[in-house]
Amino acid sequence: MKKAISLLAAITLLSGCASIFHGVSQQVIIRSNQPDVDLYVNEAFIGRGNGITTFKKKEEYVISARKEGCMPASIPASKSFDATTLLGMFIDLGIISILVVDGAGTGAWRKFDQTSFVIDPQCDKTLVAPKPVQQLLKNKKLKNKIKKKIYKYTDDAR
């Protein structure tokens, strides 16, 4: 009987409410609006275009998106306090369940603010001529004149 009571007491004291109800990790979905973007979490490759990974609540994470010819983009995964942790006050006044287990042990007293991220690298957009200019460029004589002028100016610049 004493062993059963001490085992029950140990299980109760060695688990925090946030870690029981919400776990010590969260699944996170990361995607980009461009399918050929490489996605990284803390410099570890997780996928191209989209990926799913698990974040441990005790760790800090930075999500990055990279594409050749573009400026990489990075965002930190922010966290906030998980109010479920406060239920530990009813177990042991929060001394072990909140401070030791949910806080120092598992980090479960914080939760990630988002579980879905959209991140894109900053790419230069190629300039597209407005419609009236495109109409003019369809005229082959005018297009050739413009090409000759461009070549003339680039040759003069050399």
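This structure is a prediction, so every number in the text was calculated from the model and none was measured.

**Student:** Is there a simple way to explain the sheet that holds strand β4 (residues 50-56) in this structure?
**Tutor:** Think of a sheet as strands paired side by side through backbone hydrogen bonds, with each pair either parallel or antiparallel. Ordered by their spatial adjacency, 3 strands build an open sheet running β4-β1-β9, and the pairing between neighbours is mixed. The open sheet has two edge strands, β4 and β9 (116-118), and neither has a second partner. Here the average twist between neighbouring strands, direction ignored, is 25°. The sheet contact formed by strand β1 (residues 25-31) and β4 spans 7 bridges and is antiparallel.

**Student:** Would you mind going over the packing of aromatic side chains with me for this structure?
**Tutor:** Counted under the stated rule, the structure contains 4 aromatic pairs. Judged by centre distance (5.6 Å) and plane angle (70°), the ring pair of Y40 and F45 falls under edge-to-face. Plain terms: the ring middles of Y61 and F112 are 6.0 Å apart, the flat faces sit at 55° to each other, and that makes the pair tilted. Here F112 lies in strand β8 (residues 110-112) and Y61 lies in the loop between β4 and β5 (62-66), a separation of 51 residues in the sequence. One exposure class covers both Y61 and F112, and it is buried. Through a chain of ring-to-ring contacts, three or more aromatic side chains come together here, namely F55, Y61 and F112.

**Student:** Please clarify how the side chain of D38 should be interpreted in this entry.
**Tutor:** Topologically, D38 is positioned in strand β2 (residues 38-41). On the basis of relative accessible area, D38 is assigned to the buried category, the value being 17%. Polar side-chain contacts of D38 include one of 2.8 Å to the side chain of R48. Sequence-distant contacts of D38, that is, excluding residues within four places in its chain, are made with F45, G47, R48, S64, A65 and R66.

**Student:** Would you take a moment to explain the environment of F117 for this structure?
**Tutor:** Residue position: F117 is located in strand β9. With a relative accessible area of 3%, F117 lands in the buried category. Excluding residues within four positions of it along the chain, F117 makes contact with V28, I29, I30, R31, F55, I63, I75 and A77.

The rules we used
- Residues numbered from 1 in each chain as written.
- Predicted model: local features only at pLDDT ≥ 70, side-chain atom pairs only at ≥ 80, totals over all residues.
- Heavy atoms only, no water.
- Pairing = 2+ DSSP bridges.
- Helix = DSSP H or I, 4+ residues; strand = E, 2+ residues; numbered from the N terminus.
- Axes fitted to C-alpha atoms, helices over the stretch in contact; angles between N-to-C directions.
- Phe/Tyr/Trp six-rings, centres within 6.5 Å; stacked < 30°, edge-to-face > 60°.
- Buried < 20%, exposed > 50% of the residue type's maximum accessible area, 1.4 Å probe, protein only.
- Polar contact = N/O pair within 3.5 Å; in protein donor to acceptor, adjacent residues only side chain to side chain.
- Contact = heavy atoms within 4.5 Å.

Read these as spatial facts, not as claims about activity.
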